[in-house]
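Each chain is listed here by its residues.
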Amino acid sequence: KMAQRYNNEALNIHYKVLENRKINNDEDKAFTLHNIGVIYENLGNYPEALSYLKQALGIRNKIYKNEPMNPNLAQTRLHIANIYLNKEMYNDAWNLLIEVKKAFEETYGCEHTYTKKVYFSFAKYYYYQELYNDAMAFLKLVSINNIDKNDSINMLEINKMIEKCNHYIIEK
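Right, let's walk through the structure included here. (Residues numbered from 1 in each chain as written. Predicted model: local features only at pLDDT ≥ 70, side-chain atom pairs only at ≥ 80, totals over all residues. Heavy atoms only, no water.)

**Some words on helix α7 (residues 132-141)**
Think of an α-helix as 3.6 residues a turn; residues three or four steps apart then line up on the same face.
In step 1: Restricting attention to buried positions, one finds in α7 the residues Y132, A135, M136, F138 and L139. Down the axis of α7, the smallest arc covering the buried residues is 165°, so these residues share one side. The exposed residues of α7 that point more than 90 degrees off its buried face are N133 and K140. (Buried < 20%, exposed > 50% of the residue type's maximum accessible area, 1.4 Å probe, protein only. Helix = DSSP H or I, 4+ residues; strand = E, 2+ residues; numbered from the N terminus. Arc of directions from axis to C-beta.)

If you want it as structure tokens, here you go:
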């Protein structure tokens, strides 16, 4: 309930920012739309999340048309890809994940939190399709022991995935 209240308060703040036009430029608007989309994603309301994230992506595509590897653009793509994974739209997710992986690896390197989030999304991509060897390869890239304690990657989910992957890999 606490998380629900926090998300609702955050939504109210972002909506007020949009309504009061306290936005100075297109990136600020994209940032606000992106954040609203992420909140809806966290709440599991994927249609609303996609609506806001796609609006943010449209604005960011225009802003960064000459910078296809821009991290802001990649962040929005990653959230859309994760929603596609949750909706079992694997081909759409794959295409975005490839773009995001390239952007984050080029911008941040392989050990950065954002890059690890992409690796975790690839792990989920394979895991959801029961391709456990491939999922495990990406789970190893997440480097469980090196994840920042403040990171939003869900350790419980990672451990559950590793356990199931190991179970199926051993069975075969």
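**Observations regarding unusual backbone geometry**
In step 1: For E88, which is not glycine, the phi torsion reads 60° and is therefore positive.
In step 2: If you trace the backbone, E88 turns up in the loop between α4 (71-86) and α5 (90-108).
In step 3: When its relative accessible area of 59% is taken as the criterion, E88 is described as exposed.
In step 4: Backbone geometry places E130, a non-glycine residue, at a positive phi of 60°.
In step 5: For E130, the location among the structural elements is in the loop between α6 (113-128) and α7.

**Things to note about the packing of aromatic side chains**
In step 1: Inspection of the entire model under this criterion finds 15 aromatic pairs.
In step 2: Note on Y126 and F138: the rings are 5.9 Å apart at their centroids and 20° apart in plane angle, and the pair reads as stacked. A residue pair is termed long-range when its members are at least 10 positions apart, and Y126 in helix α6 and F138 in helix α7 qualify at 12 residues. Each member of the pair Y126 and F138 is classed as buried.
In step 3: An aromatic cluster is built from Y90, W94, Y119, F122, Y125, Y126 and F138, whose rings are joined through pairwise contacts. (Phe/Tyr/Trp six-rings, centres within 6.5 Å; stacked < 30°, edge-to-face > 60°.)

**Examining the packing of helix α2 (residues 26-42) against α4**
In step 1: Closest axis-to-axis distance for the α2/α4 pair is 11 Å, and the angle between their directions is 25°. Taken together, the axes of α2 and α4 lie roughly parallel to each other. Taken as a pair, α2 and α4 cross one another with a handedness that is left-handed. Within the contact between the two elements, α2 uses E27, H34, V38 and E41 and α4 uses N72, Q75, T76, H79, N82 and I83.
In step 2: Of the residues belonging to the contact of α2 with α4, the class tally is two nonpolar, six polar and two charged. (Axes fitted to C-alpha atoms, helices over the stretch in contact; angles between N-to-C directions. Parallel < 35°, antiparallel > 145°, perpendicular 65-115°, else oblique. Left-handed = near helix turned anticlockwise from the far one by under 90°. Contact = heavy atoms within 4.5 Å. Nonpolar A, V, L, I, M, F, W, Y, C, P; charged D, E, K, R; others polar.)

**Here's the deal with the environment of T115**
In step 1: Within the secondary structure, T115 sits in helix α6.
In step 2: With 13 residues separating them in the primary sequence, T115 and K102 have C-alpha atoms 9.1 Å apart.
In step 3: Not counting the four nearest positions on each side in its chain, T115 is found in contact with F104, E105, Y108, G109 and C110.
In step 4: Among the polar contacts listed, one links the side chain of T115 to the backbone oxygen of G109, at a separation of 2.7 Å. (Polar contact = N/O pair within 3.5 Å; in protein donor to acceptor, adjacent residues only side chain to side chain.)

**With respect to the pattern of salt bridges**
In step 1: Taken as a whole and assessed by the stated rule, the structure comprises four salt bridges.
In step 2: Linking E27 and R60 is a salt bridge whose minimum nitrogen-to-oxygen distance equals 2.7 Å. Placement of the pair is E27 in helix α2 and R60 in helix α3 (residues 46-63), with a sequence separation of 33 residues. Both residues of the pair, E27 and R60, count as buried.
In step 3: Across the pair K101 and E105 runs a salt bridge whose closest N-O atoms are separated by 3.3 Å. Of this pair, K101 and E105 both sit in helix α5, separated by four residues, roughly a single helical turn.
In step 4: Taking relative accessible area as the criterion, E105 reaches 26% and is therefore assigned partly exposed. (Salt bridge = Lys/Arg side-chain N within 4 Å of Asp/Glu carboxyl O.)

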